[in-house]
Amino acid sequence: MEQVVHVALLALLVATALLIVRMRSILAVVMLSGIYSFVMAIIFLVLDAVDVAFTEAAVGAGITTVLGLMALSLTEDREKIPVHRPILPLAVVSITGALLLYAVTDMPAIGDPDAPVHGHVAPRYIKETPHAIGIPNIVTSVLADYRGYDTLGEVGVIFTAGVGIMLLLGRRSRRREEEGDK
Amino acid sequence: MEIFSRYAYWVVVLVMMIGFYIVIDRGNLVKKLIGLNIFQTAVFLLYISAGKIFGGTAPIIDDDAELYSNPLPHVLILTAIVVGVATLALGLALVVRIKEAYGTVEEDEIQAIENREENSA
Amino acid sequence: MREHLILRVITKFLIPFILLFGLYVQFHGDYGPGGGFQAGVIIGAGCILYGLVFGLETLRRAIPPGIVQGLVAIGLTIYAGTGFITVLMGGHFLDYARLAHDTQHGHHYGILIVELGVGITVSAVMLTIFYGFAGRGEENAGG
């Protein structure tokens with residue numbers, strides 16, 4: 001039963017992605033990308049990734065849609081109809097897709113407990129978290145404790161993005177405020 | 001059936017290629033960024049699908065569960081999602097500034113304006 | 001948005017619950033799904049909702065942009081500061097065991113503090129993004 005739900009959700013994902021290609025109105029594209037992120041969050045939930053589903057739903061279906069709409073209000077709504085025939089892009093995409101599909105046949109089957117990714121470090125995290133750290137959520141313990149450096153660097157990246165937005169979009173407002181006070 | 005044990009990976013490759021096609025074929029900058037976002041989330045799906053174990057449960061320690069799905073890909077993708085939205089915001093801020101400087105967000109029109117300025121300079 | 005009465009009433013009712021849920025997710029990240037990133041995004045989204053329905057100026061009065069800029073830096077400082085404090089206490093960088101009397105409590109405190117830093121930075125950056133785009137739109141519309 002779970003596999004049927006999984007396959008149906010994946011089909012919905014592909015359909016939404018194909019619609020995003022075809023739509024000319026940027027408003028429709030932004031709304032469809034919100035739906036796409038939400039379906040992705042449900043797929044993550046079916047795959048037992050509860051933390052990731054939480055984040056993807058909040059970020060993808062919430063923040064990205066608002067961001068897209070705000071950018072849309074500052075630019076235009078229609079996409080120009082392309083005049084060239086998409087032969088070269090389709091060829092590039094087909095060749096890359098074929099190569100990737102050939103590479104996928106080498107990967108271990110989904111859900112196999114003996115896959116290499118489940119050896120080495122992961123069983124150690126699962127076994128040691130109740131004793132060494134004492135909190136039930138293994139993902140939080142790995143994120144903030146075992147892999148704390150990575151999270152520090154990542155907060156640094158978010159900080160840099162915030163500073164970049166301030167520099168790109170904040171400047172003129174301050175000068176207009178000063179002119180208004182004079 | 002052997003052939004169906006990797007169906008999620010095929011869908012990942014398909015959606016990745018759809019996102020890639022949007023980036024290289026369409027000229028509108030906002031749509032390119034959204035295509036890049038689609039590519040990115042397909043890669044997330046690849047990692048999370050690899051971490052799933054049939055018969056396992058979410059990696060939160062519970063007395064009834066005996067097998068947990070692998071928490072390591074979850075951690076990596078959690079980071080990647082928030083970084084992805086931060087970079088999308090930065091990209092869209094750049095597009096807004098481009099619109100103010102050139103008056104358009106279509107790639108070929110911007111290229112034409114640049115060529116005209118180069119030829120007249 | 002002055003004409004949309006239903007929207008204003010429902011939003012006024014919902015926003016405290018959204019912010020409260022964000023705080024719950026932040027501090028219960030140890031026991032269930034959640035943590036700093038999710039909480040930051042939820043709190044940021046709640047504040048953005050307030051700004052969308054009641055006007056950018058009202059949001060600016062409630063949460064001044066200067067304070068948001070400060071919060072962006074304070075979150076990162078809390079995280080890196082915890083690392084430096086553990087070095088000052090004699091351990092390695094981000095060695096949480098030094099923060100309390102025994103290892104398990106030390107790790108727990110360390111995780112709580114760094115997740116708080118993460119949550120503060122993420123929510124402040126979401127608000128910064130909103131202020132940036134909405135402020136630009138306000139200018140283009142004539143101030």
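Let us look at the structure shown here. (Residues numbered from 1 in each chain as written. Chains lettered and ligands numbered in written order. Predicted model: local features only at pLDDT ≥ 70, side-chain atom pairs only at ≥ 80, totals over all residues.)

Scanning chain A for helices and strands turns up eight helices and zero strands. By the compact-globule yardstick of 16 Å for 182 residues, chain A is too spread out, its C-alpha radius of gyration being 22 Å. Along the first, second and third principal axes, the C-alpha set of chain A runs to 65 × 50 × 30 Å. Within chain A, the proportion of its 182 residues that are buried is 38%. Looking at chain A alone, contacts between residues at least 24 apart form 45% of all its contacts between residues at least 6 apart. (Helix = DSSP H or I, 4+ residues; strand = E, 2+ residues; numbered from the N terminus. Rg over C-alpha atoms; globule rule 2.2 N^0.38 Å. Buried ≥ 20, exposed ≤ 12 C-beta atoms within 10 Å, placed from the backbone. Contact = placed C-beta atoms within 7 Å.)

Take the packing of helix 1 (residues 2-22) of chain A against helix 1 (residues 7-25) of chain B next. As a packed pair, helix 1 of chain A and helix 1 of chain B sit with axes 10 Å apart at the nearest point and diverge in direction by 10°. As judged from the angle between their axes, helix 1 of chain A and helix 1 of chain B are roughly parallel. Facing helix 1 of chain A, whose interface residues are Val7, Leu10, Leu13, Val14, Ala17, Leu18 and Val21 of chain A, helix 1 of chain B presents Tyr7, Ala8, Val11, Leu14, Val15, Ile18, Tyr21 and Ile22 of chain B. Of the residues assigned to the contact of helix 1 of chain A with helix 1 of chain B, the class counts are 15 nonpolar, no polar and no charged. (Axes fitted to C-alpha atoms, helices over the stretch in contact; angles between N-to-C directions. Parallel < 35°, antiparallel > 145°, perpendicular 65-115°, else oblique. Nonpolar A, V, L, I, M, F, W, Y, C, P; charged D, E, K, R; others polar.)

Taken together, the contacts link 76 residues of chain A with 68 residues of chain B. Listed by contribution, the elements that provide at least two residues to the side of chain A that touches chain B are helix 1, helix 2 (26-46), helix 3 (50-74), helix 4 (87-104), helix 5 (122-133), helix 6 (138-146) and helix 7 (148-169) of chain A. Considering every element that reaches the side of chain A that touches chain B, the biggest residue donor is helix 3 of chain A, with 13 residues. Along the lines of polarity and charge, the residues of the side of chain A that touches chain B split into 53 nonpolar, 14 polar and nine charged.

A few words on the interface of chain B and chain C. With seven residues of chain B at the contact, the number on the chain C side is seven residues. Taken together, the residues of the side of chain B that touches chain C sort by class into seven nonpolar, no polar and no charged.

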